[in-house]
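# Descriptive analysis of the structure
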Amino acid sequence: MTPKLPTLGRGTAAPLHFRRIELKYLLPERLLPMFRDRIAPYTQRDPFLVEHGVKDESYPVLSLYFDSVDLHFLQEKEAGLLARRKLRLRTYDTEFSPRSRTFLEIKRRYDATVSKDRIRSNLEGITTGMPVTGLLDSLLHSAEADDGVLSEARLLQSAYNLQPTTLVSYHRHPFVGRHDRRFRITLDHRMSAAWKPRQLLHEDMLTPIHPGWSILEVKFDHAVPAWFHDIVEDLELTRTAYSKYAWATIGMRQRMAEPLL
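Fair warning: this is a prediction, and the values are worked out from it, not measured in the lab.

## Some points on the overall build of the chain
On a plain count of helices and strands, the chain comes out with seven helices and eleven strands. Taken over 261 residues, the chain has a buried fraction of 54%. Just so you have it, the chain exposes about 12,700 Å², and 51% of that area is on carbon and sulfur atoms.

## Some remarks on the nonpolar core
With 28 residues, the main nonpolar core has L64, L89, F96, L104 and L167 as its most contacted residues. Those elements that provide at least two residues to this core are β3 (59–67), β4 (83–91), β5 (102–110), α4 (135–142) and α5 (147–160). Apart from the residues within four sequence positions on either side, L64 is in contact with L87, R88, L89, F96, V132, L135, P164, T166, L167, P197 and L200. Membership of the second largest hydrophobic core comes to 25 residues, among which are L26, F103, V168 and Y170.

## Comments concerning unusual backbone geometry
Within the chain, L71 stands out as a residue other than glycine whose phi angle is a positive 55 degrees. Turning to its location among the elements, L71 is positioned in the loop between β3 and α3 (72–78). L71 gets classed as buried once you look at its relative accessible area, which sits at 1%.

## Let's talk about the packing of α4 against α5
Closest axis-to-axis distance for the α4/α5 pair is 10 Å, and the angle between their directions is 155 degrees. By the angle class used here, α4 and α5 are roughly antiparallel. For the pair α4 and α5, the crossing hand works out as left-handed. Here L136, D137, L140 and H141 of α4 lie close against α5, whose contacting residues are L150, A153, R154 and Q157.

## Here we look at the side chain of R118
Along the chain, R118 falls in strand β6 (residues 113–120). Only 2.4 Å separates the side chain of R118 from the side chain of Y92, close enough to count as a polar contact. Polar side-chain contacts of R118 include one of 2.6 Å to the side chain of E105.

## Observations concerning the pairing of strand β10 (residues 213–220)
Counting buried residues in β10 gives eight out of eight residues, a clear majority hidden from the surface. As paired elements, strand β8 (residues 184–195) and β10 share five bridges and run antiparallel to each other. Residue L187 lies in a different strand from β10, and its bridge partner there is L216.

Reading the values: the criteria
Residues numbered from 1 in each chain as written. Predicted model: local features only at pLDDT ≥ 70, side-chain atom pairs only at ≥ 80, totals over all residues. Heavy atoms only, no water. Helix = DSSP H or I, 4+ residues; strand = E, 2+ residues; numbered from the N terminus. Buried < 20%, exposed > 50% of the residue type's maximum accessible area, 1.4 Å probe, protein only. Areas by Shrake-Rupley, 256 points an atom, 1.4 Å probe, with all protein chains shown as cover. Core = buried A, V, L, I, M, F, W, Y, C linked by side-chain atoms within 4.5 Å. Contact = heavy atoms within 4.5 Å. Axes fitted to C-alpha atoms, helices over the stretch in contact; angles between N-to-C directions. Parallel < 35°, antiparallel > 145°, perpendicular 65-115°, else oblique. Left-handed = near helix turned anticlockwise from the far one by under 90°. Polar contact = N/O pair within 3.5 Å; in protein donor to acceptor, adjacent residues only side chain to side chain. Pairing = 2+ DSSP bridges.

Structure representation (structure tokens):
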């Protein structure tokens, strides 16, 4: 049964800007082996991981999302706005630490088209267990980035008085097309979260949410291949417009029986 939603690489290099189309689907974890078998003839393990010596089939992703007190970014999604933005701190590790490759990211979406700018963040002296009060101000003060990107991040912080809102963790299996590396599939599972964390937490300290479900994302520049469309139809996958931030935030608030604003 599809979960009911309200109306609604560690140590590797990464691009600091990109633009692409993204579609998301809910995938029951019981179908993961079947799905991977179906895409095997058309995809391969992300060569980026192979080139950088990452031997695991998946890697952790840990993101701290910032939002206003009245959840402005989430409310934009609830209102069905096509053009939206959000700000997050992301690392491809199980915790935030000085040794982690960490980025402060502005993610913009217009319908299914996504663009993202990353600002390399200096976490010197920041470790698991540290309070998150003032963290964003500190990151924006010490960041080195294109003036336009940094100005946009500071404008968002000033306009909405952004606060640490939801900490989200999951493990990602990445694949790319055999004949088109720009066609990318990611399988995100083992999702866990914390609502309004007072300190930076290791992924093991978070609360599991939506057990039994994975988020399938397909990312491309132009069109979805026919073979992928056939797999989606055969497995009767449910497309969702919800981001993991929205899914995790709503899930945590429902768990605590807090009403949405």
